[in-house]
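For reference, the chains in residue letters:
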Amino acid sequence: GPLEEMSLPLFFGWFLLSSVQDKVRCTSMDFLKTLDTLEAFKKHLSDFTGKAEKEVDLEQYFQAKGTLHCTTKFCDYGKAPGAKQYTQNTAVKELYGSAFELSLSALFVTPRTVGARVSLTEEQLLLWPADPEEEAGSTSLPRGSRAHITLGCAEHVEPVQTGLDLLEILTLQQEGQQGEPIEEMELGSLTYYGEGRWLLTLREPICTPACFSSFYG
Ligand code: A2P
C-alpha cells in the first residue's frame, strides 16, 4: 500500500518544544559568551583561530541550524544501514509521537562544534539504535554515549561532527585523562581536554520536554 511505499525519514529523534529551544539556546549563548572572556580560553585561542593573539567571537563562530533535537537514528531516507530495522523496532513504533523529558548533563565546545550531552534513561535507551557508538569507532563506551543536541557548527562543518566530538571527549575520560580543571562557573565545572576541547559539566542537569518523532526535511 501507499504507506509501505513512503520513504523513511532523514532521521528519528527527540524534538525539543519550541519554548524550551529558546531557553537552551540562551544557556548555550551565555556559556559561549563567558568562555570567550576567560584567560584560560584566551591562552588556547590558537586552537580556534590557527594563530595566536587573534580574537574570536564564539557566538559568531558557530552557526545554529534548524530545530533543536537529539537524533536517535539517522536513516537518510532508508539509505543508512539498519534504517529499516530501526523502524520495525517495537519501542520505536509504540513510542512514536510520545513526550519525553530529556536530561542535558553537559555542554561541550570544540573548534568544530558546540553541543549538549544528553543522558538517556533506561526507557529512552529503548529508542537508541544498536550501533551509533561503534559506527564512530568507539567500541568500549556505554550505549547512548553519543546522545547529544547539536547547538551550532563552525563554518563548513556538518552537524554529524557534534556526536563524534562528544565521543572523542568521553573516550579521553575513559582512558583516564582527567583533563585540566579550569574553574567553577555558575552553571558547573569547566574542564579543558586539549586541542580546543572544552567540557562544562552542569551542576544541575537541564530537563527539557521533547517529542519522539521524525524529520523528513
Ligand atoms: P546531529 O544529530 O549531530 O545534529 P544533515 O542536516 O547533515 O542531513 O543531518 C540531519 C541530522 O542527522 C543532524 O541532526 C545530524 O547530526 C544527523 N546526522 C547526519 N548524518 C549523520 C550520521 N551519519 N550519523 C548520525 N547522525 C547523523
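None of the values given here were measured: they were computed from a predicted structure.

Turning next to the nonpolar core. By size, the foremost hydrophobic cluster in this structure holds 49 residues, and its most contacted members are Trp14, Leu35, Phe41, Val109, Leu127, Ile149 and Trp198. The element contributing the most residues to this core is strand β9 (residues 198–215), with six residues. Listed in part, the ten residues of the second largest apolar core include Leu141, Ile169, Leu172 and Leu199.

Let's shift gears to the confidence of the model for the protein. Overall, the prediction assigns the protein a mean pLDDT of 93, with 96% of residues at 70 or greater. As scored by the predictor, the complex reaches a pTM of 0.95 and an ipTM of 0.97.

With that out of the way, let us pick up the side chain of Thr208. With respect to the helices, strands and loops of the structure, Thr208 is situated in strand β9. Excluding anything up to four places from it in sequence, Thr208 contacts Leu16, Val20, Val24, Phe100, Glu101, Leu102 and Leu104.

On to the site of the ligand. Taken together, Leu10, Phe11, His69, Thr71, Phe74, Arg146, His148, Thr150, Glu158, Pro159 and Val160 make up the full set of residues near the ligand. Here Thr71 contributes a side-chain N or O atom positioned 2.6 Å from an oxygen atom of the ligand. Between the ligand and Thr150 there is a distance of 2.6 Å, counted from an oxygen atom to a side-chain nitrogen or oxygen. In isolation the ligand offers 540 Å² of accessible surface; the protein chains occlude 73% of this area. Secondary-structure elements contributing two or more residues to the shell around the ligand are β3 (69–74) and β6 (148–154). No other element matches the three residues that β3 contributes to the shell around the ligand. Looking at the shell around the ligand residue by residue, the class counts come to five nonpolar, four polar and two charged.

So, about the pairing of strand β5 (residues 113–119). Taken across its seven residues, β5 has five buried, putting it largely inside the fold. Sheet topology note: the strand β4 (residues 99–109)/β5 ladder contains six bridges and is antiparallel. For Val109, the partnering residue across the bridge sits in β5 and is Val114. In this structure, the hairpin formed by β4 and β5 is closed by a connection of three residues. Across five bridges, β5 lies against β6 in antiparallel orientation. Paired with Gly115 across the two strands is Thr150, which belongs to β6.

What counts, and at which threshold
- Residues numbered from 1 in each chain as written.
- Predicted model: local features only at pLDDT ≥ 70, side-chain atom pairs only at ≥ 80, totals over all residues.
- Heavy atoms only, no water.
- Core = buried A, V, L, I, M, F, W, Y, C linked by side-chain atoms within 4.5 Å.
- Buried < 20%, exposed > 50% of the residue type's maximum accessible area, 1.4 Å probe, protein only.
- Helix = DSSP H or I, 4+ residues; strand = E, 2+ residues; numbered from the N terminus.
- pLDDT = per-residue confidence, 0-100.
- Contact = heavy atoms within 4.5 Å.
- Near = heavy atom within 4 Å.
- Polar contact = N/O pair within 3.5 Å; in protein donor to acceptor, adjacent residues only side chain to side chain.
- Areas by Shrake-Rupley, 256 points an atom, 1.4 Å probe, with all protein chains shown as cover.
- Nonpolar A, V, L, I, M, F, W, Y, C, P; charged D, E, K, R; others polar.
- Pairing = 2+ DSSP bridges.

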